[in-house]
Every structure is written in C-alpha cells, then in structure tokens.
Amino acid sequence: MSTQLTILDELRGGDRRSVGRSNQVVEIIRRQPALFPALIDGMHHDDEVVRMRAADAAEKLTVTNPQWLQPFKVQLIKLAARTTQQELRWHLAQVLPRLKLSRRDLVIVVAILRGYLEDPSRIVKTFAMQVLTDLAMQEHRLRAPIRRLILSLMRTGSPSMKSRGRKLLSRLNALTVPRHAPVSR
C-alpha cells in the first residue's frame, strides 16, 4: 500500500463535525513534505469527510509553507470554482491568497470568492469576505471595489458578517487614509 493511501486512510471516519486525525496527518507531512501532494489528491476524494480533512490539513500546513501550493495552482483554482462542499470552500478560500497569482488568476479567484458570497453557509461567506480583503491588501486596484462590496454586505449580512465587515473595513481604511491628514481650512 502506498504512503499516499495511508495518509488518506488516516483522514477517514466520523463525520464533518470533526477534524478526526487531520492534526496527526499535519505532523506526519511536516516531517515528510514529499507527502503533501496526497492532500491535494485527497481534496478530490469520493468521501466528503476525506476531502474536508485533506483541505483542513493543507490549509494548516501552508500557513508556514505556502510554496507547497504553487505546483497545484491551476488544480486548486479549478477545484475552488466547481466545489459546492462548504468545508472545502472555506479551506480553499483561505489557501487561494497564498498562491502567486497572475493578473488573470487574480480576476478568476476574485470571481470565485464573490460567488462564495452567495453560499448558504455563513462561514463560507465570512471567509470569502476575509480573503477578498486580504487580496485587496495585496493589490491596490481591488481596494475600492472590495471596500464597496464589504459595505454592501454589512447592510444585508448576518451579525457575524457585519462584525467581520467592520474589522475588514478598518484594515482597508488604514491603508488608504493617512493617519495624520492635514486639516483643511
């Protein structure tokens, strides 16, 4: 049996309310980074629990190793565009800004995340807001449209979206509003 199958077997069992053994898998892959591609494959698995846990482990690992995602950029963007599984969406939303994105890729990723704002899951929507803001922090041309989008979502969204929106706007405004602007007379 291959090591990849063993890794995915560790992610089986239980239900979507639990991360199962994904933290143990994270530790294994930290010691053996060559196993990371198994997690990418796991995100395409037939079992939704395996998909969710593979995405969870990949998200945790790439906080400190974002370069591990780059060889899978096209695959991850395509998966993010087509998946409807909420857990996969919120983990993919978190990893997409870790990719080195071309302008074309950025347009596609922003469109995917805007689509996530229509997801029935409040968690997916909130992560999409967060990630759109993260992208706007990196790309100045996105700041004004994302600011308008966040303001709109704050008028219509859930209490958690409104709360997150206030924090996100504060971050965006800090980039564009001078702290000690001269007083006009």
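Above this text is the structure in question.
Note that the structure is predicted; figures quoted are calculated from it, not measured.

Asker: How should the overall build of the protein be read in this particular structure?
Answerer: Secondary structure summary: the protein contains 10 helices and 0 strands in total. N-terminal to C-terminal, the α/β element order of the protein is α-α-α-α-α-α-α-α-α-α. Accessible area for the protein stands at about 10,100 Å²; split by element, carbon and sulfur atoms hold 53% of it.

Asker: Teacher, can you tell me more about the environment of Lys162 here?
Answerer: Within the secondary structure layout, Lys162 lies in helix 10 (residues 159-176). Taking the C-alpha atoms as reference points, Lys162 and Thr126, separated by 36 residues in sequence, lie 9.3 Å from one another. Setting aside residues up to four positions removed in sequence, Lys162 forms contacts with Met154, Arg155 and Gly157.

Asker: Would you mind going over the nonpolar core with me for this structure?
Answerer: A general feature of soluble globular proteins is that nonpolar side chains tend to end up buried together. Ile29, Phe36, Leu39 and Met43 are the most contacted members of the largest nonpolar core, which totals 56 residues. Setting aside residues up to four positions removed in sequence, Met43 forms contacts with Arg51, Ala54, Ala55, Ala58, Leu76, Leu79, Leu88 and Leu92.

Asker: Any chance you could explain the pattern of salt bridges here in plain terms?
Answerer: Think of it this way: side chains of opposite charge can pair up when their charged atoms draw near. With the rule as written, the count across this model stands at 7 salt bridges. Its salt-bridge partner being Glu59, residue Arg98 comes within 3.0 Å of it at the nearest N-O pair. Highlighted residues: Arg98 in the loop between helix 6 (86-95) and helix 7 (103-116) and Glu59 in helix 4 (residues 48-61), separated in sequence by 39 residues. Residue Asp105 is joined to Lys73 by a salt bridge in which the shortest nitrogen-to-oxygen separation is 2.6 Å. Taken as a pair, Asp105 in helix 7 and Lys73 in helix 5 (residues 73-82) lie far apart in primary sequence, 32 residues in all. Residue classification places Lys73 among the buried residues on the basis of a relative accessible area of 17%.

Asker: What exactly am I supposed to notice about helix 8 (residues 122-138) here?
Answerer: Since the α-helix packs 3.6 residues into each turn, any two residues three or four apart lie on the same face. Here helix 8 is 17 residues long and its end C-alpha atoms lie 25 Å apart, about the 24 Å a rise of 1.5 Å per residue gives. For helix 8, every residue scored as buried is listed here: Val124, Lys125, Thr126, Ala128, Met129, Gln130, Val131, Leu132, Thr133, Leu135 and Ala136. One side-chain oxygen at the N-terminal end of helix 8 lies 3.2 Å from the backbone nitrogen of Ile123; it belongs to Ser121.

Asker: How do you make sense of the packing of aromatic side chains when you look at a structure like this?
Answerer: Two numbers describe a pair of aromatic rings. These are the distance of the centres and the angle of the planes. Following the criterion strictly, the structure yields 2 aromatic pairs and no others. Between Phe36 and Phe72, the ring centres sit 6.1 Å apart and the planes meet at 55°, which makes this aromatic pair tilted. Here Phe36 is found in helix 3 (residues 36-42), whereas its partner Phe72 is found in the loop between helix 4 and helix 5, with 36 residues between them in sequence. Phe36 gets classed as buried once you look at its relative accessible area, which sits at 2%. Joined through ring pairs, the aromatic side chains of Phe36, Trp68 and Phe72 make up one cluster.

Asker: Could you clarify how one ought to interpret helix 4 in this entry?
Answerer: Helix length check: helix 4 (14 residues) gives 20 Å between terminal C-alpha atoms against 20 Å at 1.5 Å per residue, within 8%. Among the 14 residues in helix 4, 12 count as buried, and that is most of the element. Listed in full, the buried residues belonging to helix 4 are Val49, Val50, Arg51, Met52, Arg53, Ala54, Ala55, Asp56, Ala57, Ala58, Glu59 and Leu61. Where helix 4 begins, the side chain of Asp47 points an oxygen toward the backbone nitrogen of Val49, at a separation of 2.8 Å.

Cut-off values and rules
Residues numbered from 1 in each chain as written. Predicted model: local features only at pLDDT ≥ 70, side-chain atom pairs only at ≥ 80, totals over all residues. Heavy atoms only, no water. Helix = DSSP H or I, 4+ residues; strand = E, 2+ residues; numbered from the N terminus. Areas by Shrake-Rupley, 256 points an atom, 1.4 Å probe, with all protein chains shown as cover. Contact = heavy atoms within 4.5 Å. Core = buried A, V, L, I, M, F, W, Y, C linked by side-chain atoms within 4.5 Å. Buried < 20%, exposed > 50% of the residue type's maximum accessible area, 1.4 Å probe, protein only. Salt bridge = Lys/Arg side-chain N within 4 Å of Asp/Glu carboxyl O. Expected span 1.5 Å × (residues − 1). Polar contact = N/O pair within 3.5 Å; in protein donor to acceptor, adjacent residues only side chain to side chain. Phe/Tyr/Trp six-rings, centres within 6.5 Å; stacked < 30°, edge-to-face > 60°.

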